[in-house]
Each structure stands twice: as structure tokens, then as C-alpha cells.
Amino acid sequence: MTKEKKSSNKIISIIIIIFLVLTIPIGVLATIYYKVDSFRMLVNNHLKDAPGFVGEYFNSYPTEEEIEAKKTFLIEYFNEIDINNAADKLYIIKKMITNFIMTL
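Here the structure is a predicted model, which is why all the values come from computation and not from measurement. Note on numbering: residues in each chain are counted from 1, in written sequence order. Where totals are concerned, whole chains, interfaces and linings use all residues; where local detail is concerned, this predicted model gives features only for residues with pLDDT of at least 70, and gives and counts side-chain atom pairs only at 80 or more. The side-chain values count all of the structure's non-hydrogen atoms but skip hydrogen atoms and water molecules.

Engineer: Just to check I follow, could you spell out the side chain of Asn 44 for this structure?
Structural biologist: Only DSSP runs of H or I reaching four residues or more are called helices, and only runs of E reaching two or more are called strands; each is numbered from the N terminus. One can find Asn 44 in helix H2 (residues 37-47). Partly exposed residues are those whose accessible area sits between 20% and 50% of the maximum for their type, while under 20% is buried and over 50% is exposed, using a 1.4 Å probe and protein chains only. Residue class for Asn 44 comes out buried when judged on its relative accessible area of 2%.

Engineer: Would you take a moment to explain the UniProt feature "transmembrane region" (unreviewed entry) in the protein for this structure?
Structural biologist: UniProt positions are given in the numbering used here, feature names are shortened, and annotations may be inferred rather than shown by experiment. Here the UniProt feature "transmembrane region" (unreviewed entry) sits at residues 12-34. Across residues 12-34, helical content stands at 100% and strand content at 0%; the span's end C-alpha atoms are separated by 32 Å.

Engineer: Explain the packing of aromatic side chains here, please?
Structural biologist: Two rings from Phe, Tyr or Trp (for Trp, the six-membered ring) form a pair when their centres are within 6.5 Å of each other. A pair whose planes differ by under 30 degrees is stacked, one over 60 is edge-to-face, and the rest are tilted. Counted under the stated rule, the structure contains four aromatic pairs. An angle of 90 degrees between the planes, with centres 5.1 Å apart, marks the rings of Tyr 33 and Tyr 34 as edge-to-face. Both rings, one in Tyr 77 and one in Phe 78, keep their centres 5.4 Å apart while their planes meet at 70 degrees; by these two values the pair is edge-to-face. For Tyr 77, a relative accessible area of 31% corresponds to the partly exposed category.

Engineer: Any chance you could explain the domain arrangement of the protein here in plain terms?
Structural biologist: Interfaces are often sized by the accessible area lost when the parts come together. For the protein, the domain assignment lists domain 1 (8-61) and domain 2 (64-103). Summarising the inter-unit geometry, the C-alpha centres of domain 1 and domain 2 are found 32 Å apart. Domain delimitation follows an automatic or database domain assignment.

Engineer: Teacher, can you tell me more about the pattern of salt bridges here?
Structural biologist: Opposite charge on two side chains makes pairing possible when the charged atoms of those side chains draw close. Salt bridges are counted wherever a side-chain nitrogen of Lys or Arg sits within 4 Å of a carboxyl oxygen of Asp or Glu. Here the structure, examined in full by the defined rule, presents two salt bridges. For Asp 37, the salt bridge identified is with Arg 40, shortest N-O distance 3.0 Å. In this pair, Asp 37 and Arg 40 are both assigned in helix H2, three residues apart and thus about one turn of the helix distant. Two residues, Glu 68 and Lys 71, come together in a salt bridge whose shortest N-O distance is 3.6 Å. Here Lys 71 and Glu 68 lie together in helix H4 (residues 64-80), a separation of three residues that amounts to about one turn. Glu 68 sits in the partly exposed class, given a relative accessible area of 42%.

Given below as C-alpha cells:
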């Protein structure tokens, strides 16, 4: 092997190692972020303090209390209306979500 080939092999090996060292932890953290709600809320709370558009985005993300308040509101709303109307509304929502998923 020539000297140039050895140095290019070293560079390629270093690039592959750096790529693996960066992507494996990012992949693990991304999986945890999307699977564990408590971890997602913790990260979102910390990212609210980030500068620029990142902080603005996570500041507009609903908190756990706001999400629970929305769920409670919907539960109370569907309990108050007629059973047939509630079933129709839930069926329409299900159909909209199914159509949305099909378009993806």
C-alpha cells in the first residue's frame, strides 16, 4: 500500500467512527423522546429556555397540565351531549384521522 492509500483509509475510518459515535446516542435519545412522555416533557421544559426560534417553539408546546385540561374538557363535553351525537362526532373524528394518515 502506498502512503496516500494508508492515510485515506485512516481518514475514512475516523469519519466512520465519528459518525457512529454521534448517530447512536442521537438515535437512542430520539427514541426515548418519542416513547416516554415524562422524558419528553422534561426536555421540552428545558428547551423553553433556549434562545431564538427553538425557545419560542417549545414555549408554545402545551404543558402536561394543559393537555390534561383539554382531555378533561373533552370528556365532560362528550358526557353532556346526547349519546347518538357523541357517537357521530367521535366517528367523524376517527374518519378524519384515518384519512389524514392515509394521505401520509
